Amino acid sequence: MEIKKIGVLGAGTMGAGIAQVCAQSGYQVILVDIEQAIIDKALKTINKAWGKAVEKGKLTEDAVQKMQSLITTGTDPKDFADCNIVIEAIVENMEIKKKVFAQLGEICRPEAILATNTSALSITEIAVASKRAAQVVGMHFFNPVPVMKLVEIIPGVETSQETVDIVTDLSIKIGKEPVPAQETPGFIVNRLLLPYINEAAHLLQEGVPAEQIDKAMMLGANMPMGPLALADLVGLDVCLNICEYFWKEFGDSKYRPALILRNKVRAGHLGRKTGKGIYDYTKSL
Ligand code: CAA
Ligand code: NAD
C-alpha cells in the first residue's frame with residue numbers, strides 16, 4: 001500500500017511535531033484534536049519552526065506555503081476516513097487509547113494502518129481494541145520530533161510483517177532512523193530513560209537542588225540537557241504515567257514514581273507545555 005494521506009490524532013507536544021515532519025516530506029496530513037484552540041496552538045508551533053528555518057535560509061517561503069497547504073485540521077476522527085495511516089499521539093492512558101482505537105477501527109478504510117506513539121504501553125492490548133490487530137503497530141517518535149532521529153518500531157503479537165515494513169519505510173521517508181523494538185514496557189529508550197528521570201526526581205525530593213542535578217549530569221555525563229529539564233520537556237504527566245505503568249507491569253517498587261512528580265501533576269504543573277513544571281517557564285512564554 002502506498003501512503004499518501006496521514007492522519008495524526010492528538011495535536012499536543014508530539015502530534016504537532018509528527019504532523020510537521022510528515023508535511024515536510026510531502027505527505028498530505030490531517031491533524032485532529034478535541035478542541036480547535038489546541039490545533040491552533042500546534043499550527044502556531046509548526047509555523048514558528050518553519051519561520052525560523054526561512055530566517056536561517058534553510059527553507060524558502062514557497063516551500064513553506066506548499067507544506068502549509070498539505071496540513072488540514074479537524075476535531076472529528078471521522079475526518080480520517082480517507083487516510084492510509086493514522087498515527088495516534090493522545091494522552092498516555094490505556095483505557096482512553098483502547099476507546100480511540102475501537103473508534104478508529106470502525107472509521108478507517110479496511111486496509112489502513114493504525115500506529116500508536118505510546119511511550120510504554122502494550123501494543124497488543126491497544127491493537128485488539130481496534131479489531132484489526134494485524135494492521136496496528138507501535139511507531140514511537142522522540143521529542144522534539146523535528147530534531148530527534150529515532151523511531152522505534154514495535155510490533156504487537158498479531159502485527160503483520162507487511163505493516164512493519166510499511167511503517168519502517170515511512171519512517172525513512174520522513175527522515176527518521178527506524179529501530180526495531182520488542183513489546184516490553186517502555187521498549188528500549190524509555191525503559192532506560194524513565195528510571196533515570198525518576199531517580200533524579202527522588203534526588204530532588206531528598207533536597208538536592210534541581211539546577212545542581214541538571215548541571216552535574218550535563219557536565220559529568222555529557223547529557224545535552226539535565227534529567228529534570230528533560231522531564232519538563234517530555235511532560236511530567238507523561239513521565240508519571242510511564243513510571244506508574246512500569247511499577248504495575250513489573251510489580252517492582254524500584255519503579256515507584258517520586259512523590260514530587262505526582263504532586264506536580266496534581267497541581268497541573270506538567271512542564272513546558274503548561275508553563276510550569278520542575279522549572280518555571282512563565283517568563284519565557
Ligand atoms: N522543535 C523544533 N526544533 C527544535 C526544537 C523544537 N522543540 N528544539 C530545538 N530545535 C532545533 C533548533 O532549531 C536547532 O536547529 P538548527 O540546528 O537548525 O539551528 C537545533 O534543534 C538545536 O537547538 P538549540 O541550539 O536551540 O538547542 P540545543 O542544541 O540545546 O538542542 C535539544 C535542544 C535538541 C532539545 C537538546 O537539548 C536535546 O537533544 N535534548 C535531549 C532531548 C531528548 O533526550 N529527547 C528524548 C526525550 S524521551 C522521548 O521523547 C520519548 C518518550 O516517550 C517520553
Ligand atoms: P500532550 O499532552 O502534549 O498532547 C496530547 C493531546 O491529545 C492533547 O492535545 C489532547 O487534547 C489530545 N487528546 C486527548 N484525548 C484525545 C482524544 N480522545 N481525541 C483526540 N485528541 C485527544 O501529550 P504528548 O506529550 O504529545 O504525548 C502524546 C503521546 O505520545 C502519549 O502517548 C505519550 O506517551 C507519547 N510520547 C510522548 C513524548 C513526549 O516527550 N512528550 C515522546 C514520545 C511519545
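These notes cover the structure that comes with them. Treat the numbers as computed from the prediction; the structure is a model and nothing was measured.

### Focus: the overall build of the chain
A tally of regular secondary structure across the chain gives eleven helices and eight strands. Based on the C-alpha atoms only, the size of the chain along its principal axes is roughly 55 × 45 × 30 Å. Evaluated residue by residue, the chain yields a buried proportion of 49% over its 285 residues. In the chain, the share of contacts with a sequence separation of at least 24, taken over all contacts with a separation of at least 6, comes to 67%. Within the structure as shown, the chain displays about 13,800 Å² of accessible surface, and the carbon and sulfur contribution to it stands at 55%. In the chain, 31 positive and 33 negative side-chain charges are present, and the distance between their average locations comes to 4 Å.

### Re a positive patch on the surface
Positive charge collects at one region of the surface, where Lys44, Lys48, Lys52, Lys56 and Lys58 lie side by side. Looking at where Lys48 falls in the secondary structure, it is placed in helix α2 (residues 36-55). Classification of Lys48 by relative accessible area gives exposed; the value is 57%.

### Here's the deal with the pattern of salt bridges
Note on pairing: side chains with opposite charge can pair once their charged atoms come close. If you walk through the whole model with that rule in mind, you get nine salt bridges. Across the pair Lys173 and Asp169 runs a salt bridge, and its minimum N-O distance is 2.7 Å. Of the two residues, Lys173 and Asp169 both sit in helix α6 (residues 161-173), four residues apart, roughly one turn of that helix. Since its relative accessible area comes to 49%, Lys173 is described here as partly exposed. Given a relative accessible area of 38%, Asp169 falls into the partly exposed group. Within this structure, Glu88, Glu92 and Lys97 form a network of salt bridges that share partners.

### Some remarks on helix α4 (residues 94-107)
With 14 residues, α4 ought to run about 20 Å at 1.5 Å a step, and its terminal C-alpha atoms sit 20 Å apart, in line with that. Among the residues of α4, those classed as buried are Met94, Lys97, Val100, Phe101, Leu104, Gly105 and Ile107. Seen end-on, α4 carries its buried residues on one side only, within an arc spanning 160°. With respect to the buried face of α4, the exposed residues turned more than 90 degrees away are Lys99 and Glu106. In the core, the buried residues of α4 are packed alongside β1 (5-9), β4 (85-88), β5 (113-116), α5 (123-130) and β6 (136-140). Of the residues that open α4, the one with a side-chain oxygen 3.0 Å from the backbone nitrogen of Glu95 is Asn93.

### A word on the sheet that holds strand β8 (residues 177-180)
Sheet strands line up and pair through hydrogen bonds in the backbone, either parallel or antiparallel. Reading across the sheet, the eight strands line up as β3-β2-β1-β4-β5-β6-β7-β8 and stay open at both edges, with mixed pairing between neighbours. In this open sheet, the two strands that pair with only one neighbour each are β3 (71-74) and β8. Across the sheet, the mean angle from the axis of one strand to that of its neighbour is 25°, orientation sign disregarded. Where helix α1 (residues 13-24) meets the sheet, it contacts β1, β2 (28-32), β3 and β4, and its direction lies at approximately 170° from that of β2.

### A closer look at the nonpolar core
Residues Phe80, Val86 and Leu228 are the most contacted members of the largest nonpolar core, which totals 45 residues. If you list the elements that add at least two residues to this core, you get β2, α4, α5, α7 (189-205), α8 (210-221), α9 (227-234) and α10 (236-250). When residues in this core are grouped by element, the largest group, eight residues, is from α10. Setting aside chain neighbours within four positions, we find Phe80 in contact with Gly7, Val8, Leu9, Ile30, Val32, Val86, Leu104, Ile107 and Cys108. Core analysis: the second largest hydrophobic core is formed by 38 residues, Ala23, Val64, Ile113 and Leu170 among them.

### Considerations on the site of ligand 2
Near ligand 2, the surroundings consist of 22 residues, among which Asp33, Glu92, Lys97, Ser119 and Val234 are the closest. In the model, an oxygen atom of ligand 2 is placed 2.5 Å from a nitrogen or oxygen of the Glu92 side chain. Between ligand 2 and Ser119, the relevant distance is 2.6 Å, taken from an oxygen atom to a side-chain nitrogen or oxygen of the residue. Isolated, ligand 2 exposes 830 Å² of accessible area, and the fraction of that covered by the protein chains is 86%. Listing elements by their share of the shell around ligand 2, those giving two or more residues are α1 and α4. Of the residues in the shell around ligand 2, the class split is ten nonpolar, eight polar and four charged.

Criteria and cut-off values
- Each chain carries its own residue numbering, running from 1 in the written order of its sequence.
- A letter from A marks each chain and a number from 1 marks each ligand, given out in the order of writing.
- Local features in this predicted model are restricted to residues whose pLDDT is 70 or higher, and side-chain atom pairs enter the listing and the counts only when it is 80 or higher, whereas totals over whole chains, interfaces and linings include all residues.
- Calculation of side-chain values draws on the structure's entire complement of heavy atoms; hydrogens and water are dropped beforehand.
- Here a helix means four or more residues in a row that DSSP labels H or I, a strand means two or more in a row labelled E, and each is numbered from the N terminus.
- The buried label applies to any residue whose accessible area, calculated with a 1.4 Å probe on protein chains only, is under 20% of its type's maximum; exposed applies above 50%, and partly exposed to all values in between.
- The contact criterion used throughout is that any non-hydrogen atoms of two residues lie within 4.5 Å.
- For the area figures, the Shrake-Rupley method with a 1.4 Å probe applies, and any residue is considered shielded solely by the protein chains shown.
- The charged-residue count follows a simple rule in which Lys and Arg add positive charge and Asp and Glu add negative charge, with His and chain termini not counted at all.
- Charge coordinates come from a single atom per side chain, which is NZ of Lys, CZ of Arg, CG of Asp or CD of Glu.
- Patches draw on residues past 30% relative accessible area with no salt bridge. Two like charges within 9 Å are joined, as are two nonpolar side chains (Val, Leu, Ile, Met, Phe, Trp, Tyr) within 5 Å.
- Salt bridge, as applied in this entry: a Lys or Arg side-chain nitrogen positioned within 4 Å of an Asp or Glu carboxyl oxygen.
- The span one expects for a helix is its residue count, reduced by one, times 1.5 Å.
- In this description, the arc belongs to the directions extending from the helix axis to the C-beta atoms.
- Pairing of N or O atoms within 3.5 Å defines a polar contact, subject to two protein rules: one partner must be a possible hydrogen donor and the other a possible acceptor, and residues neighboring in sequence count only if both atoms are side-chain atoms.
- DSSP calls a pair of strands paired once it identifies at least 2 bridges connecting them.
- To obtain each axis, a line is fitted to C-alpha atoms, and for helices this fit is confined to the stretch in contact; angles are then taken between N-to-C directions over 0 to 180 degrees.
- In this description, a nonpolar core means a group of buried Ala, Val, Leu, Ile, Met, Phe, Trp, Tyr and Cys residues linked to one another through side-chain atoms lying within 4.5 Å.
- If a single non-hydrogen atom of a residue is within 4 Å of a molecule or strand, that residue counts as near it.
- The nonpolar class holds Ala, Val, Leu, Ile, Met, Phe, Trp, Tyr, Cys and Pro. Asp, Glu, Lys and Arg form the charged class, and all remaining residues, Gly among them, are polar.

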